[in-house]
Amino acid sequence: MTQGERKECPVAVIGLGLMGRSIAACLLAMGHHVTGVTDNLEASAGTPGRIRELLAEMTGEGLLAEPIEAAMGRFHMTTELRDIAGTRIVFESITEDLK
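Report follows, based on the coordinates. Note that the structure is a prediction, hence the values are computed from the model and not measured. (Residues numbered from 1 in each chain as written. Predicted model: local features only at pLDDT ≥ 70, side-chain atom pairs only at ≥ 80, totals over all residues. Heavy atoms only, no water.)

**A look at the overall build of the protein**
And step 1. Regarding its fold elements, the protein presents four helices and four strands.
And step 2. In the protein, the order of α-helices and β-strands from amino to carboxyl end is α-β-α-β-α-α-β-β.
And step 3. In terms of principal-axis extent, the alpha carbons of the protein reach across some 45 × 25 × 25 Å.
And step 4. By the burial criterion, 37% of the 99 residues in the protein qualify as buried.
And step 5. For the protein, the proportion of contacts with a sequence separation of at least 24, taken over those separated by at least 6, is 71%.
And step 6. Here the protein displays about 6,100 Å² of accessible surface, and carbon together with sulfur accounts for 55% of that area.
And step 7. Between the mean site of the 9 positive side-chain charges and the mean site of the 14 negative ones, the protein shows a separation of 3 Å. (Helix = DSSP H or I, 4+ residues; strand = E, 2+ residues; numbered from the N terminus. Buried < 20%, exposed > 50% of the residue type's maximum accessible area, 1.4 Å probe, protein only. Contact = heavy atoms within 4.5 Å. Areas by Shrake-Rupley, 256 points an atom, 1.4 Å probe, with all protein chains shown as cover. Lys, Arg positive; Asp, Glu negative; His and termini not counted. Charge placed at Lys NZ, Arg CZ, Asp CG, Glu CD.)

Below you can see the structure in the form of structure tokens.
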């Protein structure tokens, strides 16, 4: 997949805890459009800030080739699974309930 193809490959991350945020940050750093799916937008209000922190760390390590806000411009959150219908790749990182 070329860089141009990556930018045209929308991806989704279901679950925005520690693992989901990290996955989203890595995908954003690679140029993807990322939709984060959460069950509660209010409870996830801090997620963009935490992703910015991860991107800032990547910037410091020379792993992000663009401004943080440019990467964040490709991120949005939703509670609706129908919003990820057009994605090509979906990462699931939710808590398992084995009961």
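**Some remarks on the layout of surface pockets**
And step 1. The computed volume of the largest pocket comes to approximately 190 Å³.
And step 2. Forming the walls of the largest pocket are Ile14, Gly15, Leu16, Gly17, Val37, Thr38, Asp39, Ser44, Ser93, Ile94 and Thr95.
And step 3. For the lining of the largest pocket, the residue count by class is four nonpolar, six polar and one charged. (1 Å grid on protein atoms, 1.4 Å probe; cavity = no way out; pocket = protein on both sides within 12 Å on 5 of 7 lines; lining within 4 Å. Points joined across faces, edges and corners; volume = space filled by probe spheres on them. Nonpolar A, V, L, I, M, F, W, Y, C, P; charged D, E, K, R; others polar.)

**Examining the pattern of salt bridges**
And step 1. Here the structure, examined in full by the defined rule, presents three salt bridges.
And step 2. Its salt-bridge partner being Glu69, residue Arg52 comes within 2.7 Å of it at the nearest N-O pair. Of this pair, Arg52 sits in helix H3 (residues 47-60) while Glu69 sits in helix H4 (residues 68-72), and the two are 17 residues apart along the sequence.
And step 3. Between Glu80 and Arg82 there is a salt bridge; the shortest N-O distance is 3.5 Å.
And step 4. Residue Arg82 is classed as exposed on the basis of its relative accessible area of 64%. (Salt bridge = Lys/Arg side-chain N within 4 Å of Asp/Glu carboxyl O.)

**Side note on the packing of helix H2 (residues 18-29) against H3**
And step 1. Axis separation between H2 and H3 bottoms out at 9 Å; the angle between their running directions is 55°. In terms of orientation, H2 and H3 fall into the oblique class. H2 and H3 meet at a crossing whose hand is right-handed. In this structure, H2 uses Arg21, Ser22, Ala24, Ala25, Cys26, Leu28 and Ala29 to contact H3, whose residues at the interface are Thr47, Arg50, Ile51, Leu54, Leu55 and Met58.
And step 2. Looking at the contact of H2 with H3, its residues break down into nine nonpolar, two polar and two charged. (Axes fitted to C-alpha atoms, helices over the stretch in contact; angles between N-to-C directions. Parallel < 35°, antiparallel > 145°, perpendicular 65-115°, else oblique. Left-handed = near helix turned anticlockwise from the far one by under 90°.)

**Description of the environment of Thr87**
And step 1. Residue placement: Thr87 occurs in the loop between strand S3 (75-78) and strand S4 (89-92).
And step 2. By relative accessible area, which is 18% here, Thr87 ends up buried.
And step 3. Between the C-alpha atoms of Thr87 and Pro10, which are 77 residues apart in sequence, the distance is 4.9 Å.
And step 4. Excluding its chain neighbours within four sequence positions, the residues that come into contact with Thr87 are Pro10, Val11 and Ala12.
And step 5. One polar contact links the side chain of Thr87 to the main-chain carbonyl oxygen of Ile84, over a distance of 2.7 Å. (Polar contact = N/O pair within 3.5 Å; in protein donor to acceptor, adjacent residues only side chain to side chain.)

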